[in-house]
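Residue-level listing of the chains:
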Amino acid sequence: MNTAPQCVIVAMGLFGVSMGINAAYEKYHGSELSRVPSSQPYLASANAQPATSNPDSGNVSASNSQQDTKVPAPQQIRPASLAPDFEGLTLYPTINKGIRTPFDLWRFYGRGASSYASPVLPMRWEQWAGFHAKQKPGLMQDIYDYMASRFNFNKASIPNAHMSGGKPVMLGPVARLKDSVASFEDLGSLPAAEIRKRDLFPYKPLAHPLQSTAHMVFPQSWIAAHPQHARIDVDHDFPDAYLPEFPPPMFLTTHLELGDVTNGTEVTIDNYYEIFDGLLTPEQMEGLKELLRPSPTTWFNQTTHRVTTAPSKGVACLDCHVNGHTNAAFELGPDSRPNMARLRVDTPTLRGNFNLMQFSSKRSIRSMDHFSEVEEYFDGDPGMQQAIGPRAVKREVSNRMADFNAILDNPPAPKLDPLMQLDPALANASELRGEKLFQGKARCATCHYGPAFVDDYMHDLKAERFYVGRPEGPIKTFPLRGIKDSPPYLHDGRCPTLHDAVEFFNIVLQTKLTKQEKDDLVAYLLCL
């Protein structure tokens, strides 16, 4: 049989796919839609040369990924009204799925063309995969440069401080200051207007590194164990040293005598029965199974509308909340549009949820069973249902999921007495001073009190007083019980260490703590 015509047809098909990939890539490559605009100041203003490799590889030479090609300004979406106090913001550009977005999205505002997304890619799957194979290396290089310009990830740890499973707790602060300010104490002494005028605030928001697509980005520790969740378009932007331990311990309110009931293993749908049979009720076993069962999401599914090389079964609740805790995967809050207005959110721990009355960072979700059933493909978008199938979580099933969630306990805190006060016989002088600061000068206890160290309210910190940016509005107060196990901090991880979290609130609340007082406060937080 003569196969020459078939070979010609195959060759022409491959050539057509290759040309399509190149056409799609070149349409955006080198334009303001595909790179960090050279007009943005963050690389030039860093105190040190930013690293140009992945965040776990150490110091390497500086990058020069910027291009001098002049391109037309990106098209802007139709205007929305802007309050007088926020003049100076820029309208969001119109950017299609998968195209690079600015890292400083707090400078932008506006409305999208529509609230509704489509389960259709802007190009064929082969072009989509090829496009990201070309775009991802340069994108990740710029992401690491950007993160290195904001943070000094030196991997120094606090002596004798460990998470519940033994991983070292990182020393901070690691946020970089501008050369024009000598210390965090000097910065904390300045009024908000001065910090804003001189652009000195080191804790501006973090955006999703590819916000046009967004969705879950898992850390490398998770990807090593679950390569099916490796994305073709973007990787996690934090070094592993600044993330929670993997796999984390699991503590149950019903079996405190066992400590970590997993014995250092990751709970999966394959091993949960062996680990928990005889420890849980049948209803709790059913709830745990459902928390471990993957379901399709917007970008992790069996269709071509995906960001993985192969079709995916989806993502389970305990893929991000591994062992009922967190692996620091991040996503976007589903509560706003356009996509570039959505806040980056880290995965919070599920530990201690039995003591909480407020769930979700921006929405009023008041029960664990409601929380278990509320997400639509993690994007708040039920329109995906016809394309990838319904999640089909019935009320009785979500109730069972919540019943297991309700016995996930916080890690041991041996220095706290039954009323959550430090035991003077067990705490050292620094920790005791930190407790007094927490309840007094530092003003922490205004929002963090009770057995979970949280008031179950949302608060607007009005951080935009310190930089030119879009207001983030009220955000849930997160509990501090077991906080040393859950870096990075704030909803978007902009505070990589406990020291950074203390510095952030010292500036925002203008409490004017001394360096010693801040160290004492961190010493106390390590006890919670």
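Small disclaimer: the values here were computed from a predicted structure and weren't measured.

**A closer look at the packing of helix α13 (residues 498-508) against helix α14 (residues 515-525)**
Running from N to C, α13 and α14 cross one another at 125°; their axes reach a closest spacing of 10 Å. In terms of their interaxial angle, α13 and α14 are classed as oblique. Once α13 is placed against α14, the crossing between them reads as right-handed. Each of L498, H499, V502, E503 and N506 in α13 lies in contact with α14, whose residues at this interface are K518, D519, L521, V522 and L525. Residue classes in the contact of α13 with α14 are distributed as five nonpolar, two polar and three charged.

**Re the confidence of the model for the protein**
Chain-level pLDDT for the protein is 87 on average; 84% of the residues reach the 70-or-more range. Across residues 30-53, confidence stays below pLDDT 50; counting only partners more than four residues off in sequence or on other chains, it has 69 contacts. Overall, residues 57-74 carries pLDDT values under 50, and its contacts beyond four positions in sequence, including any with other chains, amount to 29 contacts.

**Quick word on the pattern of salt bridges**
Applying the stated criterion to the full structure yields 22 salt bridges. Notably, a salt bridge pairs D142 with R100, separated by 3.0 Å at the nearest N-O pair. Residue D142 is located in helix α2 (residues 125-150), and its partner R100 is located in the loop between β1 (90-91) and β2 (108-109); the two are separated by 42 residues in the primary sequence. No difference in accessibility class separates D142 from R100, as the two residues are buried. For R344, the salt bridge identified is with D237, shortest N-O distance 2.9 Å. Here R344 is found in strand β7 (residues 344-346), whereas its partner D237 is found in the loop between α5 (220-225) and β5 (251-252), with 107 residues between them in sequence. Judged by relative accessible area, which is 2%, D237 ranks as buried.

**Focus on the packing of helix α7 (residues 282-292) against helix α11 (residues 395-405)**
Here α7 crosses α11 at 100°, and the two axes come no closer than 7 Å. Between α7 and α11, the angle is such that the two are roughly perpendicular. Seen from α7, the contacting residues are E283, Q284, E286, G287, L288, E290 and L291; seen from α11, they are V397, R400, M401, D403 and F404. Tallied by class, the residues present in the contact of α7 with α11 amount to five nonpolar, two polar and five charged.

**Side note on empty space enclosed by the protein**
The tally for this structure, following the rule as stated, stands at four cavities of 30 Å³ or more. Looking at the largest cavity, its volume works out to about 120 Å³. Shared between two domains, the lining of the largest cavity holds at least three residues of each, these being domain 1 (146-150 + 204-409) and domain 2 (429-525). Roughly 80 Å³ of internal volume is contained in the second largest cavity. Together, E290, R293, S295, V315, A316, C317, R391, V393 and M401 line the second largest cavity. Here the lining of the second largest cavity is composed, by residue class, of five nonpolar, one polar and three charged.

**Some points on the environment of G130**
Within the element layout of this structure, G130 appears in helix α2. Residues G130 and I232, 102 residues apart in the sequence, show an inter-C-alpha distance of 9.3 Å.

**What to know about α13**
Buried residues dominate α13, accounting for 10 of its 11 residues. Those residues of α13 lying buried are L498, H499, D500, A501, V502, E503, F504, N506, I507 and V508. In this fold, the buried residues of α13 make contact with β3 (157-162), α3 (184-188), α4 (192-197) and α14. Once α13 ends, the next one or two residues include Q510, with phi positive near 50°.

**Regarding the layout of surface pockets**
Its volume calculated, the second largest pocket comes out at about 740 Å³. Taken together, 33 residues make up the lining of the second largest pocket; nearest its centre are I95, S114, A117, S212 and N339. Tallied by class, residues from the lining of the second largest pocket come to 13 nonpolar, 13 polar and seven charged.

Basis of the calculations
Residues numbered from 1 in each chain as written. Predicted model: local features only at pLDDT ≥ 70, side-chain atom pairs only at ≥ 80, totals over all residues. Heavy atoms only, no water. Axes fitted to C-alpha atoms, helices over the stretch in contact; angles between N-to-C directions. Helix = DSSP H or I, 4+ residues; strand = E, 2+ residues; numbered from the N terminus. Parallel < 35°, antiparallel > 145°, perpendicular 65-115°, else oblique. Left-handed = near helix turned anticlockwise from the far one by under 90°. Contact = heavy atoms within 4.5 Å. Nonpolar A, V, L, I, M, F, W, Y, C, P; charged D, E, K, R; others polar. pLDDT = per-residue confidence, 0-100. Salt bridge = Lys/Arg side-chain N within 4 Å of Asp/Glu carboxyl O. Buried < 20%, exposed > 50% of the residue type's maximum accessible area, 1.4 Å probe, protein only. 1 Å grid on protein atoms, 1.4 Å probe; cavity = no way out; pocket = protein on both sides within 12 Å on 5 of 7 lines; lining within 4 Å. Points joined across faces, edges and corners; volume = space filled by probe spheres on them. Domains from an automatic or database assignment.

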